[in-house]
Amino acid sequence: MQIFGVDIGGSGIKGAPVDLDRGDLAEERFKVLTPHPATPDGVADGVKQVVEHYGWTGPVGLTFPGVVTGGSHVRTAANVDKNWIDTDARALFSERLGGLPVTVVNDADAAGVAEIAFGAGRDRSGTVILLTFGTGIGSAVFVDGVLVPNTELGHLELKGHDAEKRASSKAKEDNDLTWEHWAHRVQKYLAHVEMLFSPELFIIGGGVSRKSEKFLHYIEGIEAEIVPAQLQNNAGIVGAAMHAAKQA
C-alpha cells in the first residue's frame with residue numbers, strides 16, 4: 001500500500017510516495033525550497049509543486065512545523081510566517097491540491113511515529129523521546145509506544161533563550177560552531193530534557209542524523225541511550241503517510 005507523504009520544514013518542502021509495508025519511500029523524494037516568508041499560500045504552492053511532480057491523485061499526509069490540533073488547526077508558527085496561526089491547514093492544502101483528501105500532523109510527531117514503527121524506537125518500551133534538529137528543534141514523546149502529541153520541547157528555556165535558538169542545526173550554522181562546540185550545547189539541552197522526563201532513549205533526528213559520527217561521541221553525562229534516527233531525514237515523510245493511512 002502506498003500513500004503520499006510531504007514534510008514541510010523551515011528550509012525545504014519534500015515528499016514522495018511511501019511504501020507503508022516497508023516504512024520507506026517508494027520513489028526518490030522530490031524537494032523544493034520553502035518560500036520566505038513562509039506564508040500559508042506560498043507553502044501551499046510548494047506542496048502542490050511536490051505532489052504534482054508525481055502526478056499523485058490519492059490521499060496526502062502532510063507535516064507542519066508547529067502545533068496542530070484537531071488534525072487541522074495551526075496554533076503555533078515559530079519557524080514559518082505568523083499568518084499560519086489559526087489557519088485551517090487541512091482545508092487550505094486540500095483546496096490547493098484540487099480536493100484530494102489531506103491530513104496534517106506536527107512534523108516531529110510524524111517523524112517519531114515512523115521511528116517507533118520502523119526505526120530506532122521499534123520494540124522499545126518506557127519513555128522514548130525523538131528530537132529533530134533542523135531550522136528549530138522538534139520533539140516527539142512516547143510512553144510505551146503511545147505518542148503524547150505537540151510537546152514542542154524545542155521551546156524549553158535554556159540559558160535564558162529558547163533552546164532551539166542555541167542548539168538547533170540552524171544555530172550551529174548561524175554561529176559557525178564546530179561540531180564539538182555545538183554538541184556541548186546539545187548536551188546541555190539533553191540534560192535539561194532528561195531532568196524533566198527521565199527517558200530510556202533519545203533518538204536524534206533531522207538532517208544531522210546522517211552525520212551522527214561527527215558529534216554524538218562528544219555528548220557525555222546523559223543517562224539515557226542516545227542513537228541517530230534510522231530513517232534519518234525521511235522519517236517525517238514516512239510518518240505523514242502513516243498518519244494519512246490511519247485517517248483514510
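Nothing here was measured: the structure is a model prediction, and the numbers come from that model. (Residues numbered from 1 in each chain as written. Predicted model: local features only at pLDDT ≥ 70, side-chain atom pairs only at ≥ 80, totals over all residues. Heavy atoms only, no water.)

K.L.:
I'd like a rundown of the nonpolar core, residues and numbers included.
P.N.:
A general tendency of soluble globular proteins is for nonpolar side chains to be buried together. Counting residues in each nonpolar core, the largest one holds 52 residues, and the members touching the most others are Val-6, Val-47, Val-51, Val-60, Trp-84 and Phe-93. Every residue in contact with Val-47, bar those within four places of it in the chain, is listed here: Val-6, Ile-8, Ile-13, Leu-62, Phe-93 and Leu-97. Among the nonpolar cores identified, the runner-up in size contains 25 residues, and Leu-158, Ala-163, Ala-183 and Tyr-189 belong to it. (Core = buried A, V, L, I, M, F, W, Y, C linked by side-chain atoms within 4.5 Å. Buried < 20%, exposed > 50% of the residue type's maximum accessible area, 1.4 Å probe, protein only. Contact = heavy atoms within 4.5 Å.)

K.L.:
Just give me the short version of the pattern of salt bridges, but keep the residues and values in it.
P.N.:
Charged atoms that come close allow side chains of opposite charge to pair. As enumerated under the stated definition, the model contains eight salt bridges in all. The salt bridge partner of Arg-22 is Asp-24, with a shortest N-O separation of 3.6 Å. Assessed through its relative accessible area of 48%, Arg-22 is described here as partly exposed. One salt bridge in this structure joins Lys-170 and Asp-174, with 2.7 Å as the shortest N-O distance. Placement of both Lys-170 and Asp-174 in helix H5 (residues 169-174) is noted, with a separation of four residues, approximately one turn of the helix. Residue class for Lys-170 comes out partly exposed when judged on its relative accessible area of 38%. A relative accessible area of 52% means that Asp-174 is categorised as exposed. (Salt bridge = Lys/Arg side-chain N within 4 Å of Asp/Glu carboxyl O. Helix = DSSP H or I, 4+ residues; strand = E, 2+ residues; numbered from the N terminus.)

K.L.:
Talk me through the pairing of strand E9 (residues 127-133); I want residue IDs and the actual numbers.
P.N.:
Within E9, seven of the seven residues are buried, which leaves the element mostly enclosed by the surrounding structure. Both faces of E9 are covered, namely the face carrying Thr-127, Ile-129, Leu-131 and Phe-133 and the face carrying Val-128, Leu-130 and Thr-132. Where E9 meets strand E10 (residues 137-143), seven bridges bridge the pair, whose relative direction is antiparallel. Residue Leu-130 lies in a different strand from E10, and its bridge partner there is Ala-140. In this antiparallel pair of consecutive strands, E9 and E10, the connection spans three residues. As paired strands, E9 and strand E14 (residues 201-205) are joined by five bridges and run parallel to one another. Along E14, the bridge assignment pairs Thr-132 with Gly-205. (Pairing = 2+ DSSP bridges.)

K.L.:
Please give an account of unusual backbone geometry that cites residues and values.
P.N.:
A cis geometry characterises the amide bond from His-36 onward to Pro-37, with omega recorded as 5°. One can find Pro-37 in the loop between strand E4 (30-33) and helix H1 (40-53). The phi angle at Asp-144 is positive, at roughly 50°, despite the residue not being glycine. Look at Asp-144 and you get exposed, because its relative accessible area is 54%. Even without glycine at this site, Glu-152 takes up a positive phi of about 50°. Positionally, Glu-152 belongs in the loop between strand E11 (146-148) and strand E12 (157-158).

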